[in-house]
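Below, each chain spelled out in residue letters.
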Amino acid sequence: MSHPFPFTALLGTALVCATATAGLAQNKPTATPKATTAASNKQAALLVNDAKINALIQKMTLEEKVSMLHANSAFAAGGIKRLGIPEIMTSDGPHGVRPEQGRDWKGVKNANDAGTYMPTNNTLASTWNPALGYAYGSVLGSEANFRGKDIILGPGINIIRTPLNGRNFEYLSEDPFLISKMVVGYIKGVQDQGVAASVKHFAANNQEAHRNDVDVTMSERALREIYLPGFKAAVQQGGAYTLMGSYNKFRGTWATENAYLMNDILKGEWGFKGLVISDWGSVHDTQKALRNGTDLEMGTDLALMYKSVDQSAATASTAPTAVRSLYDQFFLADAALEAIKKDPKLVPLLDDKVRRILRVMYATNMLDGAKRQPGTYNTKEHQATALKVAEEGIVLLKNEAGFLPLKKTVKTIAVIGANADRENAMGGGSAQVKAKYEITPLQGLKNALGNTATITYSPGYKIARDQKADPQLIAQAIATAKAADVVVYVGGSTHGYDYSKWSDNAYDAEGVDKPDMNMPFGQDELVQAVVKANSNTVVVLLGGGPIDVSAWVGQTKALVEAWYPGMEGGNAIAHVLFGDVNPSGKLPFTFPVKLEDSPALKLGEYPSTPGDPLKQTYKDDIFVGYRYFDTYKVAPQFAFGHGLSYTTFEYGKLSVKPGTQSATVTLTVRNTGKTAGAEVVQAYVKDPQARVKRPEKELKAFEKVFLKPGEAKTVTLQLPAESFQYYDEATKQFVLEPGQFEVLVGSSSRDIRQTSNFKL
Ligand code: BGC
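Residues numbered from 1 in each chain as written. Predicted model: local features only at pLDDT ≥ 70, side-chain atom pairs only at ≥ 80, totals over all residues. Heavy atoms only, no water.

Caption draft 1: The arrangement of the site of the ligand in detail. Taken together, 14 residues surround the ligand, and among them Asp 92, Arg 167, His 201, Asp 279 and Glu 510 come closest. In the environment of the ligand, an oxygen atom lies 2.7 Å from a nitrogen or oxygen atom belonging to the side chain of His 201. Computed on the free molecule, the ligand has an accessible area of 310 Å², of which 95% lies beneath the protein chains in the complex. Of the residues assigned to the shell around the ligand, the class counts are five nonpolar, two polar and seven charged. (Near = heavy atom within 4 Å. Polar contact = N/O pair within 3.5 Å; in protein donor to acceptor, adjacent residues only side chain to side chain. Areas by Shrake-Rupley, 256 points an atom, 1.4 Å probe, with all protein chains shown as cover. Nonpolar A, V, L, I, M, F, W, Y, C, P; charged D, E, K, R; others polar.)

Below you can see the structure in the form of structure tokens.
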């Protein structure tokens, strides 16, 4: 579907400014200059070799050009020996380089592919520390180099819209601003190693239920304010070399072949100069893929193997199908060659795709005799980064009367819950990682305590499909809990192990959404029995999203969210529980009390339009996550941005310096406790009077400050024009409506410590 005014956003800065001044005089909504001007758009870096690239394209035959546009095996594509162009190697994924799949998905025996397993992306988001985004990306880039990969298929940055999305663990947040801040560092970290990041999945891929055929519709405002800003930041500020198109349809057209998303917005408005890769099997049509923005088609071999593609479209060639490889049958293979031969007007489109691929190849040191950086694998430094991200990403949700940190003088600790003794690295789908090692929570506690305490373990539940509470296991757990001084309950969700049938035992996995928001395997019953048996219990949750804790959270003294914390996760959990690390993670999404409270279900149509499983209208619109809970006055279980510390912070008075269309906020934050710690100072903006309905408040700046006991620091937060804008459907642009604004600064979206009003 094409946009009526695709070029509005391409207006030069001067013209937009002129409009802005005129608007101010009349006190009307005003368009404001873009934060990223053409000069600061990081995409420009991709253009430096265009002269050489154009010369190279001149030397290619039509057949050679087309051979660049599609996979030649499971994860590799292109390659023209005659011209010294190597094939391009991709690999998942978002939190570690995936084990070798082989050229035919059958794996590679004896591969050196057990590497660093980083905490999942929502753990990274919970650190609210962009510097860790960079460190995280550097590990991935370095290990990708070592493994001979040119493109890492990550980060995943789709908006966390529903608690049930099976892939939430691969994503960052419900908030576009937090996503934008975290993704830029990640991308730079990967790409500074000479490896391309591939930001996925563009766009509106917010659920796994019917991910291959759901048609998503949403307002233009929701698209612009909620679902696109992370991708835009990835492109313009992160300088992403590649993006991955998603499986779903968007407003009636497959996202990967969607002219509006790919041509008008991504390559047009945002000036993306890199390469659009399809998701594995997301291309459906030769003409549309050629014309509408897909540059490299991957994974159609899978669709062909499972016979889910339209054979007549994919095999338009006159060559007998039997002698053509799966790869010749791709939409951008023989069929594209024929189409271009018939219609030479398509050649410039073909050249544009080849040019984009070659730009990325130059940027990743693949051409002109440049050498790949050697990369390193499984270094102590990489493991230390995995540990650091886990330690900063773990969120202390509840801590009654300072129950935590636990004292190391404790004599017996009961560890309850099968999650305590389970490895998760290989689970979840394409994001699987073969970890060099994985410290489970149980092992982490043993490492922390050595011989100083007795640790007893009781699984309490069995991880298996449809597993209900097991009275015998519960009885054992109760006995174990009763005999101990302190109980560490480790539960929550799990990843599936078995890639071929991961939906069988997985609650956080690709291809399936979760059935509900509860802890599986009868844990609600178990955890209540354990807390009753021993009130000195801390509950540690693993999982890739919010969990319904309402039945028992009132009974437990402390609650810790540890996500999937990577290869060093068990150590990180122990460090937090015993106070070697003061927790500083903050929730990157809201925990609703009940699933029914979440806006995708309350206002929206998740998982589909009633009566039509293939349609989905985002009626929740811009009211995603806390934007809904705050505006509609629904109390969450745990608010967006929430996370406790073992120390306390005092927020000084705000000083706000308004500019014409911006503001600078300054305040002093002091550590008033006895422990060093870090606080994430969060600034939300409220527009009390607007022509359109705006959220109660929106996150527009934050900073993580590290403070010794008694120490104070001055925090300065910049609120540029975008902080105050909304997307105006009538004029198809972001506007700033002059008038009163309020800035709210606090420790979470629901723990506001200071506010200030001012006029713009
Ligand atoms: C996933 C992508 C992944 C690709 C390759 C697809 O099924 O959606 O995220 O990168 O497979 O493994």
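Caption draft 2: Structural view of the confidence of the model for the chain. Averaged over every residue, the pLDDT of the chain is 92; the share at 70 or more is 92%. Across the chain, strand 11 (residues 395–399) holds the top mean pLDDT of 99, while helix 1 (residues 13–26) sits lowest at 30. Low confidence marks residues 1–29, where pLDDT is under 50. Its contacts with residues over four positions away, or in another chain, come to 45 contacts. (pLDDT = per-residue confidence, 0-100. Helix = DSSP H or I, 4+ residues; strand = E, 2+ residues; numbered from the N terminus. Contact = heavy atoms within 4.5 Å.)

Caption draft 3: Representation of the packing of helix 5 (residues 130–146) against helix 6 (residues 176–191). It is the contact of helix 5 with helix 6, at a shortest axis distance of 6 Å, that shows an interaxial angle of 30°. Crossing hand, helix 5 versus helix 6: right-handed. Here Pro 130, Gly 133, Tyr 134, Tyr 136, Gly 137, Ser 138, Leu 140 and Gly 141 of helix 5 lie close against helix 6, whose contacting residues are Lys 181, Met 182, Gly 185, Tyr 186, Lys 188, Gly 189 and Val 190. Tallied by class, the residues present in the contact of helix 5 with helix 6 amount to seven nonpolar, six polar and two charged. (Axes fitted to C-alpha atoms, helices over the stretch in contact; angles between N-to-C directions. Left-handed = near helix turned anticlockwise from the far one by under 90°.)

Caption draft 4: Quick peek at the packing of aromatic side chains. Counting across every chain of the model gives 25 aromatic pairs. Taking 5.8 Å as the distance between ring centres and 85° as the angle between the ring planes, the aromatic pair formed by Tyr 626 and Tyr 684 counts as edge-to-face. With Tyr 626 in helix 21 (residues 626–631) and Tyr 684 in strand 21 (residues 677–686), the pair connects residues that are 58 residues apart, well separated along the chain. Here Tyr 626 falls in the buried class, since its relative accessible area comes to 1%. (Phe/Tyr/Trp six-rings, centres within 6.5 Å; stacked < 30°, edge-to-face > 60°. Buried < 20%, exposed > 50% of the residue type's maximum accessible area, 1.4 Å probe, protein only.)

Caption draft 5: Spatial organisation of empty space enclosed by the protein. Evaluation of the coordinates by the stated rule reveals five cavities of 30 Å³ or more. Volume-wise, the largest cavity comes out at about 100 Å³. Lining the largest cavity are 13 residues; nearest its centre among them are Ile 160, Arg 161, Pro 163, Glu 174 and Thr 590. Per-class residue counts for the lining of the largest cavity are seven nonpolar, four polar and two charged. Of the volumes computed, that of the second largest cavity is approximately 70 Å³. Along the walls of the second largest cavity sit 13 residues, with Asn 424, Glu 438, Pro 441, Leu 542 and Pro 565 positioned nearest its centre. Taken together, the residues that form the lining of the second largest cavity break down as six nonpolar, five polar and two charged. (1 Å grid on protein atoms, 1.4 Å probe; cavity = no way out; pocket = protein on both sides within 12 Å on 5 of 7 lines; lining within 4 Å. Points joined across faces, edges and corners; volume = space filled by probe spheres on them.)

Caption draft 6: Highlighting the packing of helix 5 against helix 15 (residues 380–393). Two elements in contact, helix 5 and helix 15, have axes whose closest approach is 10 Å; the angle formed by their N-to-C orientations is 145°. Where helix 5 crosses over helix 15, the handedness of that crossing is left-handed. Residue-level contacts link Leu 132, Ala 135, Tyr 136, Val 139, Ser 142 and Glu 143 of helix 5 to His 382, Thr 385, Lys 388, Val 389 and Glu 392 of helix 15. Grouping the constituent residues of the contact of helix 5 with helix 15 by class yields five nonpolar, three polar and three charged.

Caption draft 7: Structural context of the sheet that holds strand 16 (residues 558–561). If you trace the six strands from one edge of the open sheet to the other, you get 11-16-15-14-12-13, paired in mixed fashion. In this open sheet, the two strands that pair with only one neighbour each are strand 11 and strand 13 (454–458). Each strand of the sheet is rotated relative to its neighbour by a mean of 20°, with strand direction disregarded. Pairing of strand 11 with strand 16, which is carried by four bridges, proceeds in the antiparallel orientation. Bridged to Leu 396 within strand 16 is Val 560. Its contacts with the sheet put helix 16 (residues 441–449) on strand 12 (412–416), strand 13 and strand 14 (486–492), and the angle it makes with strand 13 is roughly 170°. The sheet contacts of helix 17 (residues 471–482) involve strand 12, strand 13 and strand 14, and relative to strand 13 the element is tilted by about 165°. (Pairing = 2+ DSSP bridges.)

Caption draft 8: Molecular detail of the pattern of salt bridges. What the rule picks out here adds up to 43 salt bridges. A salt bridge links Arg 750 to Asp 630; the shortest N-O distance between them is 3.0 Å. Taken together, the residues Arg 750 in the loop between strand 26 (740–748) and strand 27 (751–759) and Asp 630 in helix 21 connect sequence positions 120 residues apart. Judged by relative accessible area, Asp 630 falls into the buried class, the value being 6%. Through salt bridges that share partners, Arg 167, Glu 170, Glu 208, Arg 211 and Glu 510 make up one connected network. (Salt bridge = Lys/Arg side-chain N within 4 Å of Asp/Glu carboxyl O.)

Caption draft 9: Broad picture of the domain arrangement of the chain. One can read the domain layout of the chain as domain 1 (48–363), domain 2 (382–589) and domain 3 (649–759). Measuring from the centre of the C-alpha atoms in domain 1 to the corresponding centre in domain 2 gives 34 Å. The interface of domain 1 with domain 2 comprises 47 residues on the first partner and 46 residues on the second. Together domain 1 and domain 2 conceal approximately 3,700 Å² of surface at their shared face, both sides included; 61% is due to carbon and sulfur atoms. (Domains from an automatic or database assignment. Buried area = accessible area lost by both parts, 1.4 Å probe.)

Caption draft 10: Highlighting the environment of Leu 541. Locating Leu 541 in the fold gives a position in strand 15 (residues 537–542). On the basis of relative accessible area, Leu 541 is assigned to the buried category, the value being 0%. For the pair formed by Leu 541 and Ala 203, sequence separation is 338 residues and the distance between their alpha carbons is 30 Å. Not counting residues within four places of it along the chain, the set of residues in contact with Leu 541 comprises Gly 491, Gly 492, Met 519, Ile 547, Val 549, Trp 552, Leu 559, Val 560, Glu 561, Ala 562 and Trp 563.

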